[in-house]
Amino acid sequence: MLRYVLRRILMTIPTILVASAIVFLMLRFIPGDPALLMAGEDPKPEVIQALRRQWGLEEPLPVQYLMFMRNVVEGNFGTSIRSGLPVSFEISLRLPHTIVLSVVAMTLSIVIGLLVGIVSSTRPYSLVDNVSMFFALVGVSAPAFWTGLMLMWVFAVKLGWLPAVGVGTPAHLVLPSIALTGFTTPVLARQTRSSMLEVLRQDYIRTARSKGLSERAIVYGHSFRNALIPVITVAGISFGRLLGGSIVTETVFAYPGIGKMLIDGIFARDYPIIQGAVLVYALVFTFLNLLVDMTYAYVDPRIHYE
Amino acid sequence: MSQRKLIYLKFRRNRLAVLGSGLLAFFVTCAIFADYLAPYDPLRADLANNLAPPSSEHILGTDELGRDLLSRVIHGARISLHLGVISVGTALVFGVFIGAVAGYYGGAIDQIVMRAVDIVLSFPTMLLAIMIVAVLGPGLTNAMIAVGISLIPEYARLTRSTFLYLRELDFVQAARMIGASDPRVIFRHILPNSLAPLIVQSTLNIATAILSAAALGFLGLGAQPPLPEWGAMLSKGRVYLMVAPHVTLYPGLAIVVSVLSLNMIGDGLRDALDPRMT
């Protein structure tokens, strides 16, 4: 397993390098002088010159990329055009919020999704199963921003039970996380159900039953663990979708996370912010995939004992 | 009984799939005959009558500029379906080509191609689409391009694994042994047999494409006003949520039902084409 782990960690390095290269190139694809783009409106000539030097815009492209990477490693993502504050500072203000929201939403997703999936698989084609799977289908078809808005309308506007926008209290997290889980919970539930059905059909389960093991021991002890492998893969992909979905959800609920920062940045043409936000997302996502693969290595005995 | 007929009958037995087909037929009709079905001009504003709740005059009410919501939703079907089909179609062509080359030739080509695909996949799909639109600028066409590009990696992966499997089978080996050229083997032998998962994936991808495009539209990065794209309509109506929820409710419902119909069909196709369940 150690070899797998080391190899996997090594693989992330080229991924991060290329991802950062893409982010770097992104800014330079936009028509216009990057220094002017990053300086904002009506910049003084000294400011433009300073920017040119800092990002090495007079140098050939590969040198520029190296300077970009050096800046990134030093934590210098540039200065926001809109606020005048360092981008790294803006990120540090907002990243915790996004992380909290994502973690809460993902945990909810996993707990509910797995439970529903297991229950459904133990009573296949029953009313519970059919109803759950139908709702799962609807959940997957509804856009997160619409469910968010509808939830907002019912719970915040009409009933006034929960706050609609912003952060501050745990109550502020409720609506956004429910909206976010709308897509991932059904996916996890469906995958768990089909994995479990697959496993429950196996001979060794029949053996366990004929040995007289209790149903609970069979389901949770034997079947669930083996069904877990594809579920983990799907969970990893889902977390990625969740991160992407959080961009929209944060906008809907005016939740001050990285997603909202990115969108605000795009409309304000605040390119340093856009660059910073995209880079953060790419890094977090890569790290996440790494975590998922590590979990995989731990759970899948074929890799574990390699 | 032919295999095709068997698949068709299996599909028909799935009630959800049939329901989905009916709903999709309804949407496609709306999309094609929007000009005749819509009671009003979707772009005609009537500011005196804006944010009107559903009534006998305007079945779904009017939006913030007084335009008839029903007409806009019907025309929105045309935009969404158009968007879905074109972005998936383009992604299909490019993705299958890439995956086929990687899967058929294997070796170094496979490694390089798949590494490239993995790197593109290191960005969450929504983020990728947003990045592309941030560079290209907002608009319906750019949204189509962005969504299309974000779908390519999935097709490449799928085609590659199918090709890796089919390439080893006897009939392919036989064709190569009698000297069939590589393109011939790919197009005449392997590709026709790899269609099933591609069809299922494409149906589900059109659903995803509609959702992604609606999200872009909602963020203001996709179809621009006054185009009646469902996501954009939701974005405009959002401000009036307290006083006129219908402006947000109905376009959203349209998205849900159209995507749902595609998902139902996709699931039904997947079950019908599944060789194990005969």
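All values derive from a computational prediction rather than experimental measurement. Within each chain, residues carry numbers counting from 1 in the order of the written sequence. Chains and ligands are labelled by the order in which they are written, letters from A for the one and numbers from 1 for the other. For this predicted model, a pLDDT threshold of at least 70 governs which residues receive local features, and a threshold of 80 or more governs which side-chain atom pairs are given and counted, while totals over whole chains, interfaces and linings are taken from all residues.

**Digging into the overall build of chain A**
Right, so step 1: Helix and strand assignments follow DSSP, with helices taken as H or I runs no shorter than four residues and strands as E runs no shorter than two, numbered in order from the N terminus. Helix and strand counts for chain A come out as 13 helices and zero strands.
Right, so step 2: Counted from the first residue to the last, chain A has its helices and strands arranged as α-α-α-α-α-α-α-α-α-α-α-α-α.
Right, so step 3: When the backbone C-alpha atoms are referred to their principal axes, chain A occupies close to 85 × 55 × 30 Å.
Right, so step 4: Whether a residue is buried, exposed or partly exposed follows from its count of other C-beta atoms within 10 Å of its own C-beta, namely 20 or more, 12 or fewer, or something in between, respectively; the C-beta atoms are built from the backbone. A total of 306 residues make up chain A; the buried ones form 38% of that total.
Right, so step 5: A residue pair is marked as a contact if its C-beta atoms, positioned from the backbone, fall within 7 Å. By sequence separation, contacts in chain A at least 24 residues apart represent 71% of the contacts at least 6 residues apart.

**Overview of the overall build of chain B**
Right, so step 1: In terms of helices and strands, chain B carries 12 helices and zero strands.
Right, so step 2: Taken from N to C terminus, the helices and strands of chain B fall in the order α-α-α-α-α-α-α-α-α-α-α-α.
Right, so step 3: Each of the three principal axes of chain B carries a C-alpha extent, and together these read 75 × 50 × 30 Å.
Right, so step 4: Residues counted as buried form 47% of the 278 residues belonging to chain B.
Right, so step 5: Contacts spanning at least 24 positions in sequence make up 69% of the contacts within chain B whose residues lie at least 6 apart.

**Looking at the domain arrangement of chain A**
Residue and element names in this part refer to chain A.
Right, so step 1: Split into domains, chain A comes out as domain 1 (2-73) and domain 2 (96-299).
Right, so step 2: Here the C-alpha centroids of domain 1 and domain 2 sit 33 Å apart.
Right, so step 3: Of the residues lining the interface, 14 residues belong to domain 1; the matching set on domain 2 comes to 12 residues.
Right, so step 4: Contributions of two or more residues to the side of domain 1 that touches domain 2 are made by α1 (2-29) and α2 (34-39).
Right, so step 5: Looking at the side of domain 1 that touches domain 2, the element that brings in the most residues is α1, giving 11 residues. Domain start and stop points were drawn from an automatic or database domain assignment.

**A word on helix α4 (residues 61-73) of chain A**
Right, so step 1: Taking 1.5 Å of rise per residue, 13 residues should cover 18 Å, and α4 of chain A covers 18 Å from first to last C-alpha, within 8% of that figure.
Right, so step 2: In the segment just after α4 of chain A, Gly75 of chain A is the residue with positive phi, at about 90°. Multiply 1.5 Å by the residue count of a helix minus one, and that product is the helix's expected span.

**Notes on the interface of chain A and chain B**
Right, so step 1: Contacts between chain A and chain B engage 34 residues on the former and 30 residues on the latter.
Right, so step 2: Counting residues per element, the ones that place at least two in the side of chain A that touches chain B are α1, α6 (127-141), α7 (144-158), α10 (215-252), α11 (258-267) and α12 (271-299) of chain A.
Right, so step 3: Of all the elements, α10 of chain A adds the most residues to the side of chain A that touches chain B, at eight residues.
Right, so step 4: Across the side of chain A that touches chain B, the residue classes tally to 26 nonpolar, seven polar and one charged. Each residue is assigned to one of three groups, with Ala, Val, Leu, Ile, Met, Phe, Trp, Tyr, Cys and Pro labelled nonpolar, Asp, Glu, Lys and Arg labelled charged, and all others, Gly among them, labelled polar.

**A closer look at the packing of α1 of chain A against α12 of chain A**
The angle between the axes and the distance between the axes are what describe a pair of packed helices.
Residue and element names in this part refer to chain A.
Right, so step 1: Axes here mean lines fitted to C-alpha atoms, for a helix over just the part in contact, with angles spanning 0 to 180 degrees between N-to-C directions. Direction vectors running N to C along α1 and α12 enclose 165°, while the axes themselves pass 10 Å from each other. As the angle between them shows, α1 and α12 are arranged roughly antiparallel. Considering how the two elements wind past one another, α1 and α12 form a crossing that is right-handed. Taking contact as the criterion, the partners of Tyr4, Val5, Arg8, Ile9, Thr12, Thr15, Ile16, Ala19, Ser20, Val23 and Leu27 in α1 are, on α12, Tyr271, Gln275, Val278, Leu279, Ala282, Leu283, Thr286, Leu290, Asp293, Met294 and Ala297. In this scheme, roughly parallel covers angles under 35 degrees and roughly antiparallel covers those over 145, while 65 to 115 is roughly perpendicular and the rest are oblique. For any pair of crossing helices, the crossing counts as left-handed if the nearer helix is rotated counterclockwise from the farther one by less than a right angle, and right-handed if it is rotated clockwise.

**A word on the environment of Thr233 of chain A**
Residues and elements named next belong to chain A.
Right, so step 1: Within the secondary structure, Thr233 is located in helix α10.
Right, so step 2: Accessibility expressed as a C-beta count within 10 Å gives 15 for Thr233, which makes it partly exposed.
Right, so step 3: In the structure, Thr233 is positioned 59 residues away from Val292 in sequence and 7.3 Å away in space, judged by C-alpha atoms.

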